[in-house]
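Residue-level structural notes
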Amino acid sequence: DQQFLGNTHTYTAGGWQGSLHRVKISGLESSTEYFYRCKGRDTIFNFTTGPAVGDYPVRFVAIADMGAFSDNAGASNSTISALMAIDRSKDGFPLLIHAGDIAYTSGNQEVWDSYFEEMEVVASSGYYQVCVGNHEHYYNFSGYLNRFAMPGETGNYSVDNLWGSYDYGG
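Just so you know, these numbers come straight off a predicted model, no measurement behind them.

A short note on a nonpolar patch on the surface
A grouping of Phe-4, Val-23 and Ile-25 is seen on the molecular surface, where their side chains present a nonpolar patch of about 230 Å² in accessible area. The topology assignment puts Ile-25 in the loop between strand 2 (20-23) and strand 3 (33-36).

Okay, structure coming up:
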């Protein structure tokens, strides 16, 4: 069993109160299934790492404009249901790209929490790469920046970057 340590932080923009946890995992092999559990929780999650750089095929799904708890056609509830129907680790998509307008908080920072409770079953089972959108602008992007650490020039992850990149298969 490997253990990876992380850190916990918070922010107060918009009156949000809570804790955010971040763990950097390293030394994983490509195209390998891993199991993990977060301290204090009984649920065991799993994910399969992506293919090595240069390997094909590369499979992914791209989504955008989700929002939390929306029953509108094509919005979060129907999209999450469709994604749950695909076994991400076996024949599905190990990479999920969310191209902005993530939770539609309208400035209510607690909506982030609701959104991730909804998305946990999908986001916990593979790569979940986000991109900033105009709906993340509230409080100078504080909700987005504090939830998503993007890689910087030094290879370290930072809450100061709105976006980042990495190589993934292909």
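What about the nonpolar core?
Ranked by size, the top nonpolar core spans 24 residues in total, and within it Leu-96, Ile-102, Tyr-115, Met-119, Tyr-128, Tyr-144 and Phe-148 carry the most contacts. Those elements giving two or more residues to this core turn out to be helix 1 (76-84), helix 2 (110-123), strand 7 (127-131) and helix 3 (138-147). Looking at this core element by element, the count peaks at six residues for helix 2. Beyond its immediate sequence surroundings of up to four residues, Tyr-128 is in contact with Leu-96, His-98, Ile-102, Tyr-115, Phe-116, Met-119, Ala-123 and Phe-148.

Some points on the sheet that holds strand 5 (residues 60-63)
Taken together, three strands build an open sheet; the order of strands is 5-6-7 and the sheet is parallel. Two strands lie at the open edges of the sheet, namely strand 5 and strand 7, each paired on one side alone. Mean inter-strand twist for the sheet, computed between neighbouring axes without regard to direction, equals 15°. Of the pairings in the sheet, the one linking strand 6 (residues 95-99) to strand 7 comprises five bridges and is parallel in character. Residue His-98 lies in a different strand from strand 7, and its bridge partner there is Val-130.

Details of the packing of helix 1 against helix 2
One way to put it is that helix 1 packs onto helix 2 with a least axis distance of 9 Å and a crossing angle of 20°. Considering their axes alone, helix 1 and helix 2 lie roughly parallel with respect to each other. The hand of the helix 1/helix 2 crossing is left-handed. Taken together, the residues of helix 2 that come into contact with helix 1 (itself represented by Ser-76, Asn-77, Ile-80, Leu-83 and Met-84) are Glu-118, Met-119, Val-121 and Val-122. Its residues placed into classes, the contact of helix 1 with helix 2 shows six nonpolar, two polar and one charged.

Some thoughts on the packing of aromatic side chains
Counted according to the given criterion, the structure contains 12 aromatic pairs. When the ring of Tyr-115 is compared with that of Phe-116, the centres are 5.1 Å apart and the planes differ by 80°; the resulting orientation is edge-to-face. Under the relative-accessibility criterion, Tyr-115 is labelled buried at 0%. Residue classification places Phe-116 among the partly exposed positions, given a relative accessible area of 23%.

Structural notes on the pattern of salt bridges
For the structure shown, the criterion picks out two salt bridges. Here Glu-120 makes a salt bridge to Arg-41, at a shortest N to O gap of 2.7 Å. Of this pair, Glu-120 sits in helix 2 while Arg-41 sits in the loop between strand 3 and strand 4 (45-48), placing them 79 residues apart in sequence. As a salt-bridge pair, Arg-147 and Asp-113 come within 3.6 Å of each other at their nearest N and O atoms. Here Asp-113 lies in helix 2 and Arg-147 lies in helix 3, a separation of 34 residues in the sequence. For Arg-147, a relative accessible area of 13% corresponds to the buried category.

Considerations on helix 1
Here helix 1 has its buried residues at Ser-76, Thr-79, Ile-80 and Leu-83. Along the long axis of helix 1, the arc covered by the buried residues comes to 95°, so they all point the same way. Of the surrounding elements, those touching the buried residues of helix 1 are strand 5, strand 6 and helix 2.

Thresholds applied
- Residues numbered from 1 in each chain as written.
- Predicted model: local features only at pLDDT ≥ 70, side-chain atom pairs only at ≥ 80, totals over all residues.
- Heavy atoms only, no water.
- Patch = residues over 30% accessible without salt bridge, like charges linked within 9 Å, V, L, I, M, F, W, Y side chains within 5 Å.
- Areas by Shrake-Rupley, 256 points an atom, 1.4 Å probe, with all protein chains shown as cover.
- Salt bridge = Lys/Arg side-chain N within 4 Å of Asp/Glu carboxyl O.
- Helix = DSSP H or I, 4+ residues; strand = E, 2+ residues; numbered from the N terminus.
- Core = buried A, V, L, I, M, F, W, Y, C linked by side-chain atoms within 4.5 Å.
- Buried < 20%, exposed > 50% of the residue type's maximum accessible area, 1.4 Å probe, protein only.
- Contact = heavy atoms within 4.5 Å.
- Pairing = 2+ DSSP bridges.
- Axes fitted to C-alpha atoms, helices over the stretch in contact; angles between N-to-C directions.
- Parallel < 35°, antiparallel > 145°, perpendicular 65-115°, else oblique.
- Left-handed = near helix turned anticlockwise from the far one by under 90°.
- Nonpolar A, V, L, I, M, F, W, Y, C, P; charged D, E, K, R; others polar.
- Phe/Tyr/Trp six-rings, centres within 6.5 Å; stacked < 30°, edge-to-face > 60°.
- Arc of directions from axis to C-beta.

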